[in-house]
Amino acid sequence: MKKKTILITGATSGIGKATAELFAKRGERLILCGRRQERLEQLKEKFKGETHLLNFDVRNRKAVFDAIDSLPNAWKQIDILINNAGNAHGLDTVDTANLDDWDAMIDGNVKGVMYVTKAILPQMVERKAGQIINLGSIAGIQVYPKGNVYCASKFAVDAFTQGLRIDLNPYNIRVCAVHPGLVETEFSMVRFKGDEQRSEGVYNSLDALQAEDVANAIAYMVDVPPHVTVADLTLLPTDQANATIVNRKK
Ligand code: NDP
Ligand code: 8X3
């Protein structure tokens, strides 16, 4: 079977990294993106297979388009785009929150997804083929206390995904979103600005999802027959009922 070319943003950590590992094991061709170059290089070294690296910040519109334009001809035809890069910054009420945190979330989680999609879309539309998988969140389905702007960013990802699916309907392009609950990654270390104790507290009292669980869900969305689109897939730890109800053991 022809190898697929898969571009993954945020491949240096967590869900993106686990997804890259899964598809590398299958021998697919990977375009791995992120800001931490040394981590990208470690993955390329580990995977051995066909891998191309792109180092850019999804918030930087010019950097996104320059990076996609820089792809050698052999890498320009992208079959699957996984818009995974994103993070929460802070967990604060609206009145106390830091505006730089808001900018980071709106620019990264929302505009980043839009820029990368826009940069990659023309060749999919032209070929009438392709698949786009966006990382939403349970936070994009239900707002939780102090989640305000992070939740808004993920609600926006959901609306953008729905709009994309409508606009791309004539072009045979599958548009999907996966909405995980609590996944044990570097996510909370970023949210809490390196506070290990606070970060561990998010995951150590429940059986959280692991990045590999989400990678497996993404693989399922890829593997269903071409006439099937898994439009939305919500994945929760069994210990989690919704965005606010979690069966914490201690
Ligand atoms: P991690 O912090 O482990 O990984 C985040 C990834 O995004 C890193 O590879 C990081 O790479 C990349 N990234 C972040 N900001 C930027 C940026 N401005 N430009 C380029 N790359 C960026 O978190 P997760 O794996 O958990 O998060 C992945 C996605 O899953 C996010 O969209 C998140 O919102 C979503 N999600 C996470 C959940 C969770 O509980 N963990 C639950 C639901 C959804 P680098 O720093 O090298 O650039
Ligand atoms: C990440 C899940 O609940 O920490 O999107 O916001 S949550």
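Look up a bit, the structure's there.
These lines cover the structure that appears in this document, whether it is placed above or below.

Conventions and cut-offs
Every chain is numbered on its own, with residues counted from 1 as its sequence reads. Here every chain gets a letter starting at A, and every ligand a number starting at 1, in the order they are written. Only residues with pLDDT of 70 or above have their local features reported here, since the model is predicted, and side-chain atom pairs are shown and tallied only from 80 upward, although totals for entire chains, interfaces and linings are computed over all residues. To get the side-chain values, all heavy atoms of the structure are used, and hydrogens and water are removed first. Ring pairs are drawn from Phe, Tyr and Trp, using the six-membered ring of Trp, whenever the two centres fall within 6.5 Å, and their geometry is named by plane angle: stacked under 30 degrees, edge-to-face over 60, tilted for the rest. Helix and strand definitions here come from DSSP, where helices need a minimum of 4 consecutive H or I residues and strands a minimum of 2 consecutive E residues; each element is numbered from the N-terminal end. Under the scheme applied here, a residue whose accessible area is under 20% of the maximum for its type counts as buried, over 50% as exposed, and between as partly exposed, the area being computed with a 1.4 Å probe on protein chains only. Every axis corresponds to a line fitted to the C-alpha atoms, with the helix fit spanning only the stretch in contact, and the corresponding angles, defined between N-to-C directions, vary from 0 to 180 degrees. For classification purposes, an angle smaller than 35 degrees is called roughly parallel, one larger than 145 roughly antiparallel, one from 65 to 115 roughly perpendicular, and anything else oblique. We call a crossing left-handed when the near helix sits turned anticlockwise from the far one by less than a right angle, and right-handed when that turn is clockwise. By definition, residues are in contact when any of their heavy atoms lie within 4.5 Å. By nonpolar core is meant a set of buried Ala, Val, Leu, Ile, Met, Phe, Trp, Tyr and Cys residues that side-chain atoms within 4.5 Å join together. The nearness test applies per residue and asks whether one of its heavy atoms lies within 4 Å of the molecule or strand. Under this definition, polar contacts are N or O atom pairs within 3.5 Å; protein pairs additionally need one hydrogen-donor-capable and one acceptor-capable atom, and for neighbouring residues in sequence, both atoms have to be side-chain atoms. Each accessible area value is a Shrake-Rupley result obtained with a 1.4 Å probe; residue values ignore everything except the protein chains displayed when judging cover. Only Asp, Glu, Lys and Arg are considered charged, only Ala, Val, Leu, Ile, Met, Phe, Trp, Tyr, Cys and Pro nonpolar, and every remaining residue, Gly among them, polar. Here, any two strands with at least 2 DSSP bridges between them count as paired.

Observations concerning the packing of aromatic side chains
Thinking step 1. All chains considered together, the criterion is met by 1 aromatic pair.
Thinking step 2. Taking 5.4 Å as the distance between ring centres and 65° as the angle between the ring planes, the aromatic pair formed by Y150 and F187 counts as edge-to-face. Taken as a pair, Y150 in helix α5 (residues 148-167) and F187 in helix α6 (residues 187-191) lie far apart in primary sequence, 37 residues in all.
Thinking step 3. Of the residues examined, Y150 reaches a relative accessible area of 6% and is grouped as buried.
Thinking step 4. The class of F187 is partly exposed, set by a relative accessible area of 21%.

Details of the packing of helix α1 (residues 14-25) against helix α2 (residues 37-47)
Thinking step 1. Two numbers describe how α1 lies on α2: the axes approach to 11 Å, and their chain directions differ by 20°. The orientation of α1 with respect to α2, classified from their angle, is roughly parallel. The way α1 lies across α2 gives a crossing that is right-handed. Here K17, A20, E21 and A24 of α1 lie close against α2, whose contacting residues are L43, K46 and F47.

Here's the deal with the nonpolar core
Thinking step 1. Of all hydrophobic cores here, the largest spans 35 residues; its most connected members are F23, L30, L32, I82, I133 and I218.
Thinking step 2. Here the element with the most residues in this core is helix α8 (residues 211-223); it accounts for 8 residues.
Thinking step 3. In this view, I218 contacts I15, T19, F23, I82, I133, L135 and V178; residues no more than four positions away in its chain are not counted.
Thinking step 4. In terms of nonpolar packing, the next biggest core, distinct from the first, is built from 25 residues, L71, A85, A119 and L168 among them.

So, the site of ligand 2
Thinking step 1. Around ligand 2 sit S137, I138, A139, Y144, Y150, L182, F187 and R191, and those are all the residues in its vicinity.
Thinking step 2. Between an oxygen atom of ligand 2 and a side-chain N or O atom of S137, the distance comes to 2.5 Å.
Thinking step 3. Between ligand 2 and the protein, one listed contact pairs an oxygen atom with a side-chain N or O atom of Y150 at 2.6 Å.
Thinking step 4. Protein burial of ligand 2: of its 240 Å² of free accessible surface, 87% is covered by the chains.
Thinking step 5. Tallied by class, the residues present in the shell around ligand 2 amount to 6 nonpolar, 1 polar and 1 charged.

Digging into the sheet that holds strand β2 (residues 29-34)
Thinking step 1. The 7 strands are arranged β3-β2-β1-β4-β5-β6-β9 in an open sheet whose pairing can be described as parallel. Here the strands that pair on one side only, and so sit at the sheet edges, are β3 (51-55) and β9 (232-235). With direction set aside, neighbouring strand axes in the sheet form an average angle of 15°.
Thinking step 2. Relative to β3, β2 is paired through 5 bridges, and the arrangement is parallel. If you follow G34 over to β3, its bridge partner there is N55.
Thinking step 3. This element, α8, spans β4 (80-83), β5 (131-135), β6 (174-180) and β9 of the sheet and lies at about 160° to β6.

Re the environment of G14
Thinking step 1. By secondary structure assignment, the location of G14 is in helix α1.
Thinking step 2. Along the sequence, G14 and A85 sit 71 residues apart, while their C-alpha atoms lie 9.9 Å from each other.
Thinking step 3. Beyond its immediate stretch of four places on either side in the chain, G14 contacts T185 and A211.

Looking at the environment of A211
Thinking step 1. Of note, A211 is situated in helix α8.
Thinking step 2. In this structure A211 comes out as buried when scored by relative accessible area, which is 7%.
Thinking step 3. Taking the C-alpha atoms as reference points, A211 and T19, 192 residues apart in sequence, are found 7.9 Å from one another.
Thinking step 4. Ignoring any residue separated from it by four or fewer positions in sequence, one finds A211 in contact with G14, I15, A18, V183 and T185.

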